[in-house]
Amino acid sequence: TVHHLIANDNRFVVGSIANFSWDRGVDLLVEVAIEVKNSGGENEVLFVHAGHLEVPKSFPGDLGRHIRSGRSFEEYISDKGLHNMFVFTGHVDKPENVIQGCDLIIKLFRNGSPYGRDVIEAYSLGKAVLSTGTSEVFVKHLDTGLLFPKFNARDIAKEILQCVGNLKCKEMG
């Protein structure tokens, strides 16, 4: 069954399943969402994140300053004007319930390795994957998903928006 927080949403659902870490690039979802919003897709795309979001106080940049001021990642999203584009489930015992409700699973690795348990589970449920990295062992560009050798928020947002209502993206799963 689909996780109750996303069961009735009619937008294109992009799912992220990971505990927060620098390597996993969960924070990069913010940059992608900003580009989706700037391209007019604010009401067409929903980002769903499942996992713990404890951001280390040593995290760099604007997000790190935000966290050191005592605020949360969810409040950071809200401050960026993206609150209506995100749903946070927290830790889930059955990630497949989140994956089942998604149209696309996103994995924005900083370490160049586009694979993991969530990628494998996404494929087992027939979902396409968008990831960053260089290995096509699991994610084959335009075959089983969308693979970007390097993170580029604008290009990734553009591909997500092209997937909205596109059967080819559903077929890649």
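As shown above, the structure is provided for reference.
Residues numbered from 1 in each chain as written. Predicted model: local features only at pLDDT ≥ 70, side-chain atom pairs only at ≥ 80, totals over all residues. Heavy atoms only, no water.

Draft legend 1. Summary view of the side chain of Thr-144. Positionally, Thr-144 belongs in the loop between β5 (128–132) and β6 (145–148). Overall, the relative accessible area of 19% leaves Thr-144 in the buried class. One polar contact links the side chain of Thr-144 to the main-chain amide nitrogen of Lys-140, over a distance of 2.8 Å. (Helix = DSSP H or I, 4+ residues; strand = E, 2+ residues; numbered from the N terminus. Buried < 20%, exposed > 50% of the residue type's maximum accessible area, 1.4 Å probe, protein only. Polar contact = N/O pair within 3.5 Å; in protein donor to acceptor, adjacent residues only side chain to side chain.)

Draft legend 2. Spotlight on the side chain of Asp-118. Among the secondary structure elements, Asp-118 is positioned in helix α5 (residues 117–124). Among the polar contacts made by the side chain of Asp-118, one reaches the side chain of Lys-107 at a distance of 2.8 Å. Setting aside its immediate chain neighbours within four residues, Asp-118 contacts Ile-17, Ile-99 and Lys-107. (Contact = heavy atoms within 4.5 Å.)

Draft legend 3. The arrangement of the layout of surface pockets in detail. Of the pockets and cavities examined, the largest pocket occupies roughly 270 Å³. Lining the largest pocket are 15 residues, and of these Ile-17, Ala-18, Asn-19, Pro-95 and Arg-117 sit closest to its centre. Those elements that place two or more of their residues in the lining of the largest pocket are α4 (95–100) and α5. At three residues, α5 tops the list of elements feeding residues into the lining of the largest pocket. Classifying every residue of the lining of the largest pocket gives six nonpolar, four polar and five charged. (1 Å grid on protein atoms, 1.4 Å probe; cavity = no way out; pocket = protein on both sides within 12 Å on 5 of 7 lines; lining within 4 Å. Points joined across faces, edges and corners; volume = space filled by probe spheres on them. Nonpolar A, V, L, I, M, F, W, Y, C, P; charged D, E, K, R; others polar.)

Draft legend 4. Inspection of the packing of aromatic side chains at higher detail. Taken as a whole, this structure holds seven aromatic pairs when the rule is applied. Connected via pairs of aromatic rings, a cluster forms that spans Phe-20, Trp-22, Phe-47, Phe-59, Phe-73, Tyr-76, Phe-86 and Phe-88. For the cation-ring pair, Arg-110 lies above Trp-22, with the distance from its terminal atom to the ring centre recorded as 3.5 Å. (Phe/Tyr/Trp six-rings, centres within 6.5 Å; stacked < 30°, edge-to-face > 60°. Lys NZ or Arg CZ within 6 Å of the ring centre and 35° of its normal.)

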